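Listed here are the chains, written in short residue letters.
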Amino acid sequence: MRRLALCCLLPLALNQPVAADNGAIAHAVRAGTITIDGRLGDWPAAARFQPIQRLQNGQLHPGDTGLDARWRAAWTAEAVYIAVEISDDAHRVAEDPEFSWNQQDGVIVYLDRNHSTRGSGAALYWVGGQNRRMLSDSGHWDPDVVAAGVDDFEVAVVHDDGRTIYEWKLLAAAPLRAGRTLGVDLLVSDADAEAMDAGGRLLVWGPGYGKSQGGGRIGDLLLLDDTATLGTVAGSVALAMDADD
């Protein structure tokens, strides 16, 4: 007899199945009233931070280079809220709004609002310093991505004493409800001198790269209601094997 250990995190009390596209799953709690000002004191305590620590080659960021990033999410019927907190020993941003996004510190949020099983794309919302713009291709195959624009989101950035807060409000395409999922991922660009000597450093939340090429390359954000609880289920599965196996 062989035993296979199982350990999984289950969103309890959700009313639909979850199937992460790249294996990354996060949870968004109801937001209440959040002001987009780069200060997170009005965020619900139940909104849990998750690390952004994967390099694009799939390896984990070593964590000893003066860079640490994490994020959390909340939601209302009208919008998704995302907060990104980055600790960095050097902070570089450009005043020129046309300066390349990956040559300065910044964050990209990938958002697939439809997250359809029939296929849908992700819009790319970039912020570096006080500059913001869309990075989505105007020739994208998904018309909803082409239609996305800077009017779809509000963002505030506060940098203080080696820590930068990015706080986003991204409008929904249709009223959101508890129990559904959105496609979400994040990319953090680090452009201090050490990172640029190595060609730049990019950290992503979910595994994989080429995230702009399809909604299936990003993770899942589950929208929780006020009564939802999370639990850990652990156990073992016993497989009965024939004597000849």
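Criteria and thresholds
Residues numbered from 1 in each chain as written. Predicted model: local features only at pLDDT ≥ 70, side-chain atom pairs only at ≥ 80, totals over all residues. Heavy atoms only, no water. Helix = DSSP H or I, 4+ residues; strand = E, 2+ residues; numbered from the N terminus. Buried < 20%, exposed > 50% of the residue type's maximum accessible area, 1.4 Å probe, protein only. Contact = heavy atoms within 4.5 Å. Areas by Shrake-Rupley, 256 points an atom, 1.4 Å probe, with all protein chains shown as cover. Lys, Arg positive; Asp, Glu negative; His and termini not counted. Salt bridge = Lys/Arg side-chain N within 4 Å of Asp/Glu carboxyl O. Polar contact = N/O pair within 3.5 Å; in protein donor to acceptor, adjacent residues only side chain to side chain. Phe/Tyr/Trp six-rings, centres within 6.5 Å; stacked < 30°, edge-to-face > 60°. Lys NZ or Arg CZ within 6 Å of the ring centre and 35° of its normal.

Where do I start with the overall build of the protein chain in this structure?
A count of helices and strands for the protein chain gives two helices and 15 strands. Classification of the 245 residues of the protein chain by burial places 45% in the buried group. Considering only contacts within the protein chain whose residues lie at least 6 apart along the sequence, 67% involve residues at least 24 apart. If you sum the accessible surface of the protein chain, you get close to 12,500 Å²; carbon and sulfur atoms cover 48% of it.

Would you mind showing me how to read the side chain of Asp220 here?
Checked against the element boundaries, Asp220 lands in strand β14 (residues 219–223). An unpaired buried charge is present at Asp220: no salt bridge exists, and Arg180, the closest side chain of opposite charge, is 9.2 Å distant. Here His115 takes part through its side chain, which lies 2.3 Å from a polar atom of the side chain of Asp220.

Where do I start with the packing of aromatic side chains in this structure?
For the structure on display, the rule yields three aromatic pairs. Both rings, one in Trp71 and one in Trp205, keep their centres 5.0 Å apart while their planes meet at 75 degrees; by these two values the pair is edge-to-face. In this pair, Trp71 is assigned in strand β5 (residues 67–75) and Trp205 in the loop between β13 (201–204) and β14, connecting sequence segments 134 residues apart. Note on Trp71: relative accessible area 1%, which makes it buried. In textbook terms, an aromatic cluster arises when at least three aromatic residues are bridged by ring pairs, as seen for Tyr125, Phe153 and Trp168. The ring centre of Phe153 lies 4.8 Å from the NZ or CZ of Arg132, which sits over that ring.

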